[in-house]
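# Understanding the architecture of this molecule
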Amino acid sequence: MSGPMSAFAQYSEEISSSPQNDSVLSASRKRKRVSMANTNGHSKDKKTNKNRSKSLQPVLSISETNDQSKIIEQLNTTKKSKNSETKFLSPAYPTPYPQRRVIVSGPRHSQIGKPTLEENGETDEDEDEDDEDENEDESPLSAWLHDHVPIADSTLLGEHLFGLLIDPTPIKQFIKRTWQRETLLIQRKQPTYYNGLFSTSDIDDILRDNTLEYGENIDLTFYNSVTSKKERHNPEGRARAAVVWDAYNEGCSVRILNPHAYSTNIWKLLSCLQEYFGSLVGANTYLTPPGSQGFPPHYDDIDAFILQLEGKKHWRVYKPLNDDEVLPIKSSFDLDKNIIENIKPCIDVVLEAGDLLYMPRGYIHYGYTLDDAHSLHLTVSCYQQQTWGDLFKILLPKAVDYAVKTNVKFRQGLPLGYLNQFGLIHSTKKLSMKKRAKFHANCHRLLDELLRESVPIQMDNSVDIMAQKFMHDALPPILTAEEQLTTIQEQGERWNSDLNRVSSVVELEPDTRIRLLRRHCLRVVEHDHNDEDDEDNIVAYYTTDNARNYHDRPLSTLGVDKETLPALEMLFTIYPEYISIDSLPLATIEDKITFVSTLYEKGLVRTEYELEHSDGEDEEEDESDNDEEDESDSDEEDGLVLKRQKVRNESTDDDDDDDEDEDVDDDN
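Here's what I pulled together on the structure shown here. Everything quoted here is computed from the prediction, not taken from an experiment.

## Examining unusual backbone geometry
With omega at 15°, the peptide bond leading from Asp 167 into Pro 168 counts as cis. Position of Pro 168 among the secondary structure elements: in the loop between helix 5 (154-166) and helix 6 (171-178). Cis rather than trans, the peptide bond between Tyr 575 and Pro 576 has omega equal to 10°. When you line up the elements, Pro 576 lands in the loop between helix 13 (565-574) and strand 20 (579-580). A positive phi angle, near 55°, is found at Ser 228, a position not held by glycine. Its place among the elements puts Ser 228 in the loop between strand 5 (218-224) and strand 6 (229-232). One non-glycine residue with positive phi stands out, namely Leu 327, at about 50°. Within the fold, Leu 327 resides in the loop between strand 9 (303-318) and strand 10 (347-352).

Right under this line is the structure:
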């Protein structure tokens, strides 16, 4: 964890100052029969399995300390079956009963170029033992990382992933007893639990393959115990790998502020979790050398989940010192150790690889490494600016405006002479107490009426405004292999160099079945306008054009006609099921095709199956040309098959790299 800068802190000022431009195409520019006006993208229930929340681990004892912080120790007693079948399953092909965990085992390495058993002098029995050892080291996150979890609903998939992170604690128990109330410590004694997610070698690759700027993307920090101050040792300009590792050898911690911009796995983790939390989920990575400390004691304005990826780190965590620091809105400055010197920590533990520590907002914490091991941990941060107060800041002004517009009582004048009864100078006048009491009573009556009549009417729109902010903050969805092949990402027109023309033309047909890409990839908001004739006050905000760097692109919008609202509502209602285009509640088939095409071209919907190509140019060629064309088309089809196979094997290829990295001892 950082000092006053949390995983979100570098962005907090930008959040409050970022302008919101909701401009859309004017009605005069809309095409005839177009049901959703395209603004070029920019502006400045299915029941879950009842057993889903139950842990698949053995029953464990859960002890609670006197400070009410839950500590869970989990023994590594699970063993996967070496005969279980390896399957490629993903949210693209759902099953009716989603499972909390799908364990997939089997050989993950390519056999190309590997010597035979006879050449190595090995037997089938030796190979079986090796496979069993490999399966035992496989991370419980492996199935999710490689899209083997058959859950179609993105919110339920996010819940599944969150369940894996806090396993063996059931999610319902966590939300009811722990969330924003107390800390949670899970000691798994399973160092491979997060294998494949992120590693120290990934940091080296990131530094060599990307341009990271000091202070913006990466920090080199050191906590000076003599001065009790945090020191930043950031040079200017780009971070070079050799310079960073030299600072690491000198005792500096290496913090990457936006690892999701460089690591696909962390992007996938945060993108999936944000569907469950319904708000921005961020992350920092912290690499600390042995016998060092990067940051002083502090508390943050976010709920934090610390995932210990490598090595170990000693953490001390303290409850908020007073009521004002319980669930704070802002992070603290760096705190002096003296203020907590005589206070007993609620958590005093050495986190080891595979462990997890949860801290609500306001809990003071700091960590340092032992002399015999480095530490790499990932801090997942969530639920910043998601308080009742944040909602009321939007809701109450809207409710007051509505009350003034519709209720004459709110337009009546204040009592004459009220200036002589209220204010700093008049607050202690005994002669004014009776009139002050009458004034307060009238305020109470009006506020009660405001809560009864105006607040419920403005609640939906106020929540939409909160969601609009989420649409801008959110990471773009990361697509599975099947999703790439059934969305505009990989499906459809492409340039064919052999034929020197565009090929693989596809068309949406009335019987094409589609659904939204994610539950939270799109939000429809109705804005208040003074001009009653303004038809463009309904806007759809979406996330698929967002950048992996926070607010690197403007908020993406589509203007919405009121006639399309029932169709949008149907897509949200049936999600994650598919629906044929001709079943949408729009007037004509042309309207339906145009409506879906607009969403499809923005990557907001996917088809149930790959669309068939409709290249009609081949039919007009003469017979001799047709023979050559057929051969070329065959080559083209072979190329597309290879492309599809490459997409499907993308995650499998990553497995090989991950396994090579995982051979390195965690304590090195």
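## A few points about the sheet that holds strand 16 (residues 513-516)
In any sheet, the strands associate via hydrogen bonds between backbone groups, in a parallel or an antiparallel arrangement. Overall, antiparallel pairing links the three strands, which are arranged 20-16-21 in an open sheet. Each edge of the sheet is formed by a strand with only one pairing partner; in this case those strands are strand 20 and strand 21 (605-607). With three bridges connecting them, strand 16 and strand 21 associate as antiparallel partners. Paired with Arg 515 across the two strands is Arg 606, which belongs to strand 21.

## Topic: the packing of aromatic side chains
A complete count under the given rule lists 20 aromatic pairs for this structure. Plain terms: the ring middles of Phe 174 and Phe 305 are 6.0 Å apart, the flat faces sit at 45° to each other, and that makes the pair tilted. Here Phe 305 lies in strand 9 and Phe 174 lies in helix 6, a separation of 131 residues in the sequence. When sorted by exposure, Phe 174 lands in the same class as Phe 305, which is buried. Ring geometry for Trp 388 against Phe 392: centres 6.0 Å apart, planes inclined by 40°, an arrangement best described as tilted. Note that Trp 388 and Phe 392 are positioned in helix 10 (residues 388-406) at a spacing of four residues, about one turn of the helix. Here the aromatic cluster, defined as three or more aromatic residues joined through ring pairs, consists of Phe 162, Phe 174, Trp 179, Tyr 276, Phe 277, Phe 305, Tyr 358 and Tyr 383. The positively charged end of Arg 188 is found above the aromatic ring belonging to Tyr 193, 3.8 Å away from the centroid.

## Brief notes about helix 9 (residues 264-277)
The α-helix winds at 3.6 residues per turn, so residues separated by three or four positions along the chain end up facing the same way. Its 14 residues place the ends of helix 9 20 Å apart at the C-alpha level, agreeing with the 20 Å of an ideal helix rising 1.5 Å per residue. Counting buried positions over the 14 residues of helix 9 gives twelve, a clear majority of the element. Considered for burial, the residues of helix 9 that qualify are Asn 265, Ile 266, Trp 267, Lys 268, Leu 269, Leu 270, Ser 271, Cys 272, Leu 273, Gln 274, Glu 275 and Phe 277. One or two steps after helix 9, the chain reaches Gly 278, where phi turns positive at roughly 70°.

Calculation notes
Residues numbered from 1 in each chain as written. Predicted model: local features only at pLDDT ≥ 70, side-chain atom pairs only at ≥ 80, totals over all residues. Heavy atoms only, no water. Helix = DSSP H or I, 4+ residues; strand = E, 2+ residues; numbered from the N terminus. Pairing = 2+ DSSP bridges. Phe/Tyr/Trp six-rings, centres within 6.5 Å; stacked < 30°, edge-to-face > 60°. Buried < 20%, exposed > 50% of the residue type's maximum accessible area, 1.4 Å probe, protein only. Lys NZ or Arg CZ within 6 Å of the ring centre and 35° of its normal. Expected span 1.5 Å × (residues − 1).

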